[in-house]
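Here is how the chains run, residue by residue.
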Amino acid sequence: MKKMSPFLAVVIMLSMILAACQPAAPATPEPTTEIIDFNPTLGSVQPTSPAATQPPATEETAAPAETEKVADPDATVTVALETIIENLDYMTNSSLNAAGIFEMMHSTLVTLDDNVTLQPSVATNWEVSEDGLVWTFHLRDDVTFWDGTPLTAEDVKYTFERMQEDPYNIGNTNYLNTQFNFDKAVVVDPYTIEVYTRVPVPALLYTIEEINILPKHVYETLTPEQAAAETIMGSGPFKFVSFTKDDRVVLERYDGYWEGPAAFKTLIYRAIPEASTRVAELETGGVDVIQNVPMAQLSTINAMPNASAKAMINGCRMYLGFNHESPIYSDVNVRLAMNHAIDWDTINQAFFQGNAPRLAVHINKPWRNEALEPYPYDLAKVDELMTASGWTKNAAGYWEKDGQELAPSIMVYYAQSSERYEILLSLVDQLNKAGFKAEPYYLESAAAFEKLDKREVDDMFMIGSCTSYEGQGDLSDLAADSASNYGRWRNDEFEEVYAQLLTEFDVETRRELIYQLQDIIYADAPQIPLYVMIGVWGINNDLDWSPNPAGRALMYGAVKYK
Amino acid sequence: MTQYIIRRLLQAIIVVLGVTVAAFSINFLAGDPTYVLIGNMRGMTQEDIQEFRHRMGFDRPVIVQYLDWLGKAVRGDFGTSMKFKQNNWQVIAERFPATLQLAVSAMLLGLIVSIPLGVVAAVNRGSFWDRASMVLALIGQSTPSFWMGLMLMLLFAVTLGWLPVSGRYEGVRSMILPVMTLSFYDIARNTRVIRGSMLEVLGEDYIRTARGKGAKPRTVLIVHALRNALLPMVTLIGMDLGSLLGGAIVVETIFAWPGMGLLTVNAINGKDLTLLQACVTLFALIFVFANLLVDFAYTWLDPRVRLK
């Protein structure tokens, strides 16, 4: 026995080392990851159809006959996210994850479907006044809160008014308010409401899509502290059960939900910040869904017998920006040359297995003009453009003019679950090969935004931009008076057309204006557009669910099989 | 003795004041705190940003901000968490028991395992047991806890399926992996300390005298040698509390253990500055207080300290 103990110790250590060295992928050909791209349609202003009442699959209807799987209505679905909600009041939460969780507990006037196309929800239809300042919404009369109280126009009015007040008017709510330009709301009857805005807001529906309707009879009696810590009441498909900070939110199916009850009973959102732990939980069946799988772990997920990975193109676009107040980068030839210096295909293969094509302009579908081609990798074109602007290559192979080397410093900031710094290193190497003596540097995000806001970025920066799926939001990054126009680009032609867009309601005219703006951007190259980010999810094979392009873990339509 | 205690208390107060400066400085670590709290400026104008800065009091001189903050902190008011919309002490009070549970368990496990290991290694100096325990100590001290945690998780949760991967919902079973991870370094370090201390004590005259008086080997070992060899452990236990709380930041993140460590990490990621200040101050106060207790205990256990 005495001789067994050290042996056991050695065995344990060896097992640990072996566990660490276990192959990431099986010897057999590994399955490829499904990349889901969304294909939204235009139609941001007028409802296209009656409420999209598509109840989730039930036991009788969900199971595909060929697999003979049977849905489990009493199942628990557990979703592991990096973070969950911060408190119980959605107006004082700002994260994307929190937005998804609250969306499972509340209802909105309109909603984005899985193709990020707007659909009616609590509002069945709506009209806009001639001057564009009054929106009249007609509400469903069969929506109830969890306590059975009907959702009426009074609740909508109360919600819109509440979000203007302190302490709710912060973070994302503040952002929504700046988009909303809310003036007042008038209740016409219990199921009709007029919403007045201070200026015409053609993209209003994309803003109110994020505004969850709160029950006036509950919240008007609560202090902000009580609303944050003590209670929650909604009309969404899942009722609140419990919340443990930084740990989990437990929800339970609301059978009275107007679109029909969910196909499973309990929904748990867990906060698991470490990606490897999420992967381990998925493998052991501890959770059914995990978010933000690092690209490096894709093969691990696909090798699991009980799970697979799904990658979803989301709406966040990465680009390299220029400091347009610098005389060097105010030269369009330099900007175009740097666009031509990027060999994106190589980076795409290395980081995204070829699934993140380069963008020509940083605009999301469906407003993106797909006819515009990204500037091709062309070193001869780089030479031609730089020479035309009076730059010559010095002995070291770098561009030089008036004794000054073209040596852009490029700032990037820290972001969880992102390989952006590694990608920037590759971009810098490519720029160096094209004669631009680029140097990257890394900052904490707050320090980076401070630098951007104070116009202290000397040369260039790499940044992501996530907006709604309405083209105007994406374009606001380049509007002269926008705080997020970090490069301070200004183009009078752009400003003129953009001003028209701000007050134009007709969808087809908006599309034409947005295409016109993209032509201006494309020709003047104020940025180097890169790619649309990809969110990878790991999903248990017994769960029928697809991720949402908005990046929210919306589980209402999921079906779990026995 | 009284003089010594007063001197140590004064020193502790100076350290705590230093800690408050460090904690307050968190506001400015990443530049202007306005940008830390605002995050994304999409849709905001310069006027909005200025108004926010004024509302938060960040446009006042730094010394005024510090004194204001210190005055409140002394009264135990660390403000409201930006994230949780709750008093920071209340948030900490909810989370502290989870971390204490881990830290105390890890400390006990560390002592239970390391004392026999150290004694056996010292008594059998140069033997296989001595070498094996020293190799184990070397591995334990040089292995980062995040790696050790993931390896234990892979082995016991994923491969063998004996224990849950993460969380705090399966009682003792949930505790095993985080506690093992957290105590691994302590076991290694304590084993080395006890071994060294035992070797020193075993060479003392009074051990020879005890043996000469005919005391049984076990009595010599436990009553005469171990009792004195454990003196350095008093210091280590005090320091342990600090290192275990610090180590909990990594371990709690890996095992999704909702304690102070995870709270601190999320306060950093979520830019919850007031909560972070409260966490840092609490960690530092615990560390200072534990060391103060160790010093007092030392003067009681070993009179030579107060005589010096």
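## A look at the overall build of chain B
No. 1: Scanning chain B for helices and strands turns up 14 helices and zero strands.
No. 2: For chain B, the α and β elements follow one another from N to C terminus as α-α-α-α-α-α-α-α-α-α-α-α-α-α.
No. 3: Taken along its principal axes, the extent of the C-alpha atoms in chain B is 85 × 60 × 30 Å.
No. 4: By the burial criterion, 48% of the 308 residues in chain B qualify as buried.
No. 5: The contacts of chain B with a sequence gap of at least 6 include a subset with a gap of at least 24, amounting to 72%.
No. 6: Counting every atom, chain B has about 14,900 Å² of accessible surface; 67% of that belongs to carbon and sulfur.
No. 7: Averaged over its 28 positive side-chain charges, chain B has a centre that lies 11 Å from the centre of its 19 negative ones.

## Digging into the sheet that holds strand β8 (residues 192-197) of chain A
All names here are of chain A.
No. 1: Taken in spatial order, the four strands line up as β5-β6-β8-β7 in an open sheet, and their pairing is antiparallel. The sheet terminates laterally at β5 (123-128) and β7 (182-189), the two strands that pair on one side only. The average undirected angle you get between the axes of adjacent strands in this sheet is 20°.
No. 2: In the sheet, β5 pairs with strand β6 (residues 134-139) via five bridges, with the strands oriented antiparallel. Note on β6: the bridge partner recorded for A123 is L139.

## Concerning unusual backbone geometry
Working note: non-glycine residues mostly have negative phi, and peptide bonds are mostly trans.
All names here are of chain A.
No. 1: In the segment running from D166 into P167, the intervening peptide bond is cis, with an omega of 0°.
No. 2: Along the chain, P167 falls in the loop between α4 (153-162) and α5 (171-180).
No. 3: For the bond from K365 to P366, the omega torsion is 0°, close enough to zero to count as cis.
No. 4: Tracing the backbone through its elements, the reader meets P366 in the loop between α12 (344-352) and α13 (379-388).
No. 5: With a phi angle near 50°, N292 is a residue other than glycine that sits in the positive phi range.
No. 6: Its location among the elements puts N292 in the loop between β12 (289-290) and α10 (298-302).
No. 7: Residue classification places N292 among the partly exposed positions, given a relative accessible area of 25%.
No. 8: Positioned with a positive phi, R488 is a non-glycine residue whose angle comes to about 60°.
No. 9: Turning to its location among the elements, R488 is positioned in the loop between α16 (471-475) and α17 (492-503).

## Here's the deal with the packing of aromatic side chains
No. 1: Under the definition given, this model contains 30 aromatic pairs over all chains.
No. 2: Judged by centre distance (6.0 Å) and plane angle (40°), the ring pair of F156 of chain B and W162 of chain B falls under tilted.
No. 3: When its relative accessible area of 14% is taken as the criterion, F156 of chain B is described as buried.
No. 4: The exposed category is assigned to W162 of chain B, whose relative accessible area is 53%.
No. 5: In this structure an aromatic cluster arises from ring pairing among F24, Y66, W69, F78 and W89 of chain B.
No. 6: The lysine or arginine in question, K245 of chain A, covers the ring of F84 of chain B, its NZ or CZ lying 5.8 Å from the ring centre.

## A closer look at the interface of chain B and chain A
No. 1: Listed as interface residues are 47 residues of chain B and, on the opposing side, 54 residues of chain A.
No. 2: If you look at where chain B meets chain A, you find three salt bridges.
No. 3: Salt-bridge contacts for E94 of chain B lead to K245 of chain A; the nearest nitrogen and oxygen are separated by 2.6 Å.
No. 4: Here chain B and chain A share eleven residue pairs in polar contact (both at pLDDT 80 or more) between them.
No. 5: Elements with a contribution of two residues or more to the side of chain B that touches chain A: α2 (33-38), α3 (46-56), α5 (88-123), α6 (128-142), α7 (145-159), α11 (231-254) and α12 (260-269) of chain B.

## Looking at the sheet that holds strand β14 (residues 392-393) of chain A
Residue and element names in this part refer to chain A.
No. 1: Spatially, β14-β15-β16 is the arrangement adopted by the three strands of the open sheet, whose pairing is antiparallel. Here the strands that pair on one side only, and so sit at the sheet edges, are β14 and β16 (404-405).
No. 2: Examined bridge by bridge, strand β15 (residues 399-401) and β16 share two bridges and lie antiparallel to one another. Note that in β16 the partner of K401 across the bridge is Q404.

## Structural notes on the nonpolar core
Residues and elements named next belong to chain A.
No. 1: L427 and F436 are the most contacted members of the largest nonpolar core, which has 81 residues in total.
No. 2: The element contributing the most residues to this core is strand β13 (residues 307-322), with eight residues.
No. 3: Excluding anything up to four places from it in sequence, L427 contacts L320, I342, W344, I347, M462 and L530.
No. 4: L81, M91, Y206 and Y469 belong to the second largest nonpolar core, which has 80 residues in total.

## Describing the packing of α7 of chain B against helix α8 (residues 171-202) of chain B
All names here are of chain B.
No. 1: Relative to each other, α7 and α8 sit at 145°, their axes nearing to 9 Å. α8 is crossed by α7, and the crossing has right-handed handedness. Taken together, the residues of α8 that come into contact with α7 (itself represented by S145, M148, G149, L152, M153, F156 and A157) are L177, M180, T181 and F184.
No. 2: Split by residue class, the contact of α7 with α8 holds eight nonpolar, three polar and no charged.

Criteria and cut-off values
Residues numbered from 1 in each chain as written. Chains lettered and ligands numbered in written order. Predicted model: local features only at pLDDT ≥ 70, side-chain atom pairs only at ≥ 80, totals over all residues. Heavy atoms only, no water. Helix = DSSP H or I, 4+ residues; strand = E, 2+ residues; numbered from the N terminus. Buried < 20%, exposed > 50% of the residue type's maximum accessible area, 1.4 Å probe, protein only. Contact = heavy atoms within 4.5 Å. Areas by Shrake-Rupley, 256 points an atom, 1.4 Å probe, with all protein chains shown as cover. Lys, Arg positive; Asp, Glu negative; His and termini not counted. Charge placed at Lys NZ, Arg CZ, Asp CG, Glu CD. Pairing = 2+ DSSP bridges. Axes fitted to C-alpha atoms, helices over the stretch in contact; angles between N-to-C directions. Phe/Tyr/Trp six-rings, centres within 6.5 Å; stacked < 30°, edge-to-face > 60°. Lys NZ or Arg CZ within 6 Å of the ring centre and 35° of its normal. Salt bridge = Lys/Arg side-chain N within 4 Å of Asp/Glu carboxyl O. Polar contact = N/O pair within 3.5 Å; in protein donor to acceptor, adjacent residues only side chain to side chain. Core = buried A, V, L, I, M, F, W, Y, C linked by side-chain atoms within 4.5 Å. Left-handed = near helix turned anticlockwise from the far one by under 90°. Nonpolar A, V, L, I, M, F, W, Y, C, P; charged D, E, K, R; others polar.

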